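Letter by letter, the chains look like this.
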Amino acid sequence: MSTTALELTSDATMSTSTECVLPPVRGETGLSGADIAVVVVYFVAVIGIGIFAMCRAQRGTVTGYFLAGRSMFWLPVGASLFVSNIGSEHFIGLAGSGAAGGIGVGAWELNAILLLQLFGWVFIPVYMACGTTTMPEYLHKRFGRSRLRVYFAFLSLVLYIFTKCSVDLYTGGLFIQQSLKWDLYLSILILIIITGILTITGGLTAVIYTDTLQAFLMVGGGLVLMGKGFYDIGGFNALVRCYPKAIPKKLVLNETCGIPSPEAFRMLKDASDNDIPWAGFLLGQTPGSIWYWCTDQVIVQRALAAKSLSHAQGATLMAGLIKILPLFMMVMPGMISRVLYPDSVGCADPEECYKYCQSYAGCSNIAYPKLVLGIMPAGAAGLMMAVLIAALMSDLDSIFNSASTLFTIDIWKRFRKKASVRELMIVGRIFIAVMVGVAIAWVPVVKETQGGQVFLYIQEVTNYLAPPIAAVFLIAILWPRCNEQGAFWGLMAGLVTGVTRLILIFIWPAPGRCGEPDTRPAILKDFQYMYFAMLLFWLTTIVAIIVSLLTKPPPSDKLHRTTFWTRKAKSGEDNPTFYNLSATGTEELGVALDKGSSEPVLTDDKGSVDLTGSVFNIDESPAQNSQLSEGRYYNN
């Protein structure tokens, strides 16, 4: 579609910027030899830490590989929680949305501070009390039947591949392509190889140790860039004055594209706003975000690696404190980049945008790499390159490890019930390779449909699938009367409604270029996705409650330590604790109403079995207990 462009004259430009005295800026110069040396040193350090973690990790057991042996203290767990969330899509996506619309996107970061504490004080105590390893496993313990467990595992893997892994690859590749002028897919391939080796060799222990290094690197490098950016433009007051005037020279006639919003420094907008309405955010986005912060395997797996509940809660406090920073070290630097580079970062004319970033929708996504390459001195730019690589690798290694956990424990073991520990390790690693291949194949789709703001694209797609999961987990933990039938049909109602909307937005996509008319049906154009997320959340909740009340209550053994109100329940004569010993050396622990009922669940908790007056200790190698044969033993 052709558009008519209007080019501002130099006099017009000067008349709008008399109050903004900006320093001269250089264009993209790429990375110098000193920058590349810094990147190489970083990679050597990360690989060295990975090898160290590989040597000391308990990789021969399921919890050793997937949960770091449940031995981590609060500092590395808190760092890993933060770094697992802050990927390259945050550096590029948050900065890009900040450049395009102001500080509003920072609302997600401040909202996360509260949700992390909800996670630490409501969800984690239940997860640890019932000894869960994965979120689908929790659903199985709470409700019994396997259909919820398999559904959740499958949906989580779909979300990982199409909204996390693919987007991370695209945004990380975009930065490297801008910095080194490499081919996009070559950059992606090299980073995947390094990240994959790190994850496959050391498991979660390696991931958490490298995340600790990368947390300090990301926070330090991000703060340095923020300080340099504010220094160059004259401080925060200069940003407030100059951002509204960061208008590109070439605009589209009769359109507001390229002109900064007058509400750029207002976080939550009017309830009718199409970007971040306050009512939609608080009532729709917040419940939807509970899925990520309280039930997503990537996040929960980090907390479950803590050595105790108090260490896990300390980690959520630490991560919440650090989450204050992205508004200042990602969103605002994106706004600074637009002030310094209005013609490229803030481009409006589709043809001009394509010239700068090979996208007709806009170039706000290049705000962060443009700022790094434009204002950082030699060596420091290499440090920031390492920061972005750290963000990409930390997010990818978290996804790889958590996705392989979900697949092996919640899907593979459904079909291979007698799979050995060695088989589970091999299958998990093969699945990582398959998932990476699918994600790379999906990158061109992400590249064409991101609509100019990667971060908001992720939120919209996720909000069509995640709110029903958040609703079911909240009900499961807070309302003991909810049963399996209620949870399942609530999820199905939410799934059908959300997938229908998702299909419709691909059939009638939003206009991708400035000047294109919006011909979408009113149900898509006027029904903002946050309000739709609110509909999904309450629809799922209401259906789950009604169906649960119309059917039988859940059996009492399914409520043992699986809700917030029963998390401290103790085993007694009526609920004996049982232990399973198998030839593979795994230990299984659970609670049954009577001898022979309830399915045991995998754990590594140590204990003892009282048999005819003799006590036998159980450790990670129960086969060493020669007096114990395979079978089930009760401690009552």
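Residues numbered from 1 in each chain as written. Predicted model: local features only at pLDDT ≥ 70, side-chain atom pairs only at ≥ 80, totals over all residues. Heavy atoms only, no water.

1. Brief notes about the overall build of the protein
- The helix and strand tally for the protein stands at 24 helices and eight strands.
- Expressed as a percentage of the 636 residues in the protein, the buried residues total 58%.
- Taking all contacts inside the protein whose residues are at least 6 apart in sequence as the whole, residues at least 24 apart take part in 80%.
- Per element, the accessible surface of the protein, about 24600 Å² overall, is 64% carbon and sulfur. (Helix = DSSP H or I, 4+ residues; strand = E, 2+ residues; numbered from the N terminus. Buried < 20%, exposed > 50% of the residue type's maximum accessible area, 1.4 Å probe, protein only. Contact = heavy atoms within 4.5 Å. Areas by Shrake-Rupley, 256 points an atom, 1.4 Å probe, with all protein chains shown as cover.)

2. With respect to helix H12 (residues 297–304)
- Of all the eight residues making up H12, eight are buried; the element is thus mostly covered by neighbouring parts of the structure.
- Taken together, the buried positions of H12 are occupied by Gln297, Val298, Ile299, Val300, Gln301, Arg302, Ala303 and Leu304.

3. A word on the pattern of salt bridges
- The full count for this structure, using the stated rule, is ten salt bridges.
- Of the charged contacts in the structure, one is a salt bridge between arginine 266 and glutamate 263, with a shortest N-O distance of 2.8 Å.
- A salt bridge links lysine 355 to glutamate 352, with the nearest nitrogen and oxygen atoms 3.4 Å apart. Taken together, the positions of lysine 355 and glutamate 352, both in helix H16 (residues 350–357) and three residues apart, correspond to about one turn of that helix.
- Linked through salt bridges whose partners overlap, the residues forming this network are Arg145, Arg147 and Glu484. (Salt bridge = Lys/Arg side-chain N within 4 Å of Asp/Glu carboxyl O.)

4. Observations concerning the packing of aromatic side chains
- Throughout the structure, instances matching the rule amount to 19 aromatic pairs.
- Geometrically, the ring pair formed by phenylalanine 152 and phenylalanine 473 is tilted, given 5.3 Å between the ring centres and 55° between the ring planes. With phenylalanine 152 in helix H8 (residues 146–180) and phenylalanine 473 in helix H21 (residues 467–478), this pair connects stretches of sequence that are 321 residues apart. Each member of the pair phenylalanine 152 and phenylalanine 473 is classed as buried.
- Measuring from ring centre to ring centre gives 5.6 Å for tyrosine 464 and phenylalanine 532, while their planes differ by 80°; the resulting arrangement is edge-to-face. Taken together, the positions of tyrosine 464 in the loop between helix H20 (454–462) and H21 and phenylalanine 532 in helix H24 (residues 529–550) put the pair 68 residues apart, joining distant regions of the chain. Here tyrosine 464 matches phenylalanine 532 in class, with each residue buried.
- Pairwise contacts between aromatic rings join Phe123, Tyr127, Tyr138, Phe152 and Phe473 into one cluster.
- For the cation-ring pair, lysine 370 lies above tyrosine 341, with the distance from its terminal atom to the ring centre recorded as 5.2 Å.
- The ring of phenylalanine 532 has arginine 501 lying over it, and the distance from NZ or CZ to the ring centre is 5.0 Å. (Phe/Tyr/Trp six-rings, centres within 6.5 Å; stacked < 30°, edge-to-face > 60°. Lys NZ or Arg CZ within 6 Å of the ring centre and 35° of its normal.)

5. Some words on the confidence of the model for the protein
- Per-residue confidence for the protein gives a mean pLDDT of 77; residues scoring 70 or more make up 76%.
- For the protein, per-element mean pLDDT is lowest for strand S5 (residues 601–602), which scores 33, and highest for H24, which scores 96.
- Contacts from residues 9–18, a stretch scored under 50 in pLDDT, to residues over four places away or in other chains number three contacts.
- Low pLDDT (under 50) marks residues 58–69, which in the prediction has 52 contacts with non-local residues, meaning those over four places away or in another chain. (pLDDT = per-residue confidence, 0-100.)

6. Remarks on helix H7 (residues 135–143)
- The buried fraction of H7 amounts to nine of the nine residues, a majority that puts the element mostly inside the structure.
- Those residues of H7 that fall on the buried side of the exposure criterion are Met135, Pro136, Glu137, Tyr138, Leu139, His140, Lys141, Arg142 and Phe143.
- A positive phi of about 105° marks glycine 144, the residue just after H7.

7. Overview of the state of the cysteines
- For the structure on display, the rule yields one disulfide.
- With a sulfur-sulfur separation of 2.1 Å, cysteine 347 is cross-linked through a disulfide to cysteine 353. Across the S-S bond linking cysteine 347 and cysteine 353, the dihedral sits near 120°, which makes this disulfide right-handed. Each member of the pair, cysteine 347 together with cysteine 353, is buried. (Disulfide = S-S within 2.5 Å.)

8. A closer look at the packing of helix H5 (residues 88–101) against H8
- Across the interface, H5 lies against H8 with an axial gap of 8 Å and an inter-helix angle of 70°. Here H5 lies roughly perpendicular to H8, going by the angle between them. Contacts from Ser88, Glu89 and Ile92 in H5 reach Val167, Asp168, Thr171, Gly172, Leu174 and Phe175 in H8. (Axes fitted to C-alpha atoms, helices over the stretch in contact; angles between N-to-C directions. Parallel < 35°, antiparallel > 145°, perpendicular 65-115°, else oblique.)

9. Some points on empty space enclosed by the protein
- Summed over the entire model, instances satisfying the criterion amount to one cavity of 30 Å³ or more.
- By volume, the largest cavity amounts to about 370 Å³.
- For the lining of the largest cavity, the elements supplying multiple residues, two or more each, are helix H4 (74–85), H5, helix H6 (107–129), H8, helix H11 (278–295), helix H18 (380–415) and H20.
- For the lining of the largest cavity, the element with the highest residue contribution is H11, accounting for six residues.
- The residue makeup of the lining of the largest cavity, split by class, is nine nonpolar, eleven polar and six charged. (1 Å grid on protein atoms, 1.4 Å probe; cavity = no way out; pocket = protein on both sides within 12 Å on 5 of 7 lines; lining within 4 Å. Points joined across faces, edges and corners; volume = space filled by probe spheres on them. Nonpolar A, V, L, I, M, F, W, Y, C, P; charged D, E, K, R; others polar.)

10. Let's talk about the nonpolar core
- Formed by 165 residues in total, the largest nonpolar core has its most connected members in Trp108, Phe119, Phe123, Tyr127, Tyr138, Leu239 and Phe473.
- What tyrosine 138 contacts, discounting residues up to four positions off in sequence, is Val126, Tyr127, Cys130, Thr132, Phe473, Ala476, Ile477 and Thr562. (Core = buried A, V, L, I, M, F, W, Y, C linked by side-chain atoms within 4.5 Å.)

11. Overview of the packing of H21 against helix H22 (residues 484–507)
- Put simply, H21 and H22 touch, their axes get as near as 9 Å, and they point 160° apart. One way to sum up the angle between H21 and H22 is to call them roughly antiparallel. Of the two elements, H21 crosses H22, and the hand of that crossing is right-handed. Here Pro468, Ile469 and Val472 of H21 come into contact with H22, specifically with Ala487, Leu491, Gly494 and Leu495.
- Of the residues belonging to the contact of H21 with H22, the class tally is six nonpolar, one polar and no charged. (Left-handed = near helix turned anticlockwise from the far one by under 90°.)

12. Details of a nonpolar patch on the surface
- On the surface, Ile426, Ile430, Val434 and Val438 cluster together into a nonpolar patch covering about 320 Å² of accessible area.
- Structurally, valine 438 can be placed in helix H19 (residues 421–449). (Patch = residues over 30% accessible without salt bridge, like charges linked within 9 Å, V, L, I, M, F, W, Y side chains within 5 Å.)

13. So, the side chain of lysine 141
- For lysine 141, the position within the fold is in helix H7.
- Buried lysine 141, no salt bridge; nearest opposite-charge side chain is glutamate 137, N-O distance 4.1 Å.
- A distance of 3.0 Å separates a polar atom in the side chain of lysine 141 from the backbone oxygen of glycine 131. (Lys, Arg positive; Asp, Glu negative; His and termini not counted. Polar contact = N/O pair within 3.5 Å; in protein donor to acceptor, adjacent residues only side chain to side chain.)

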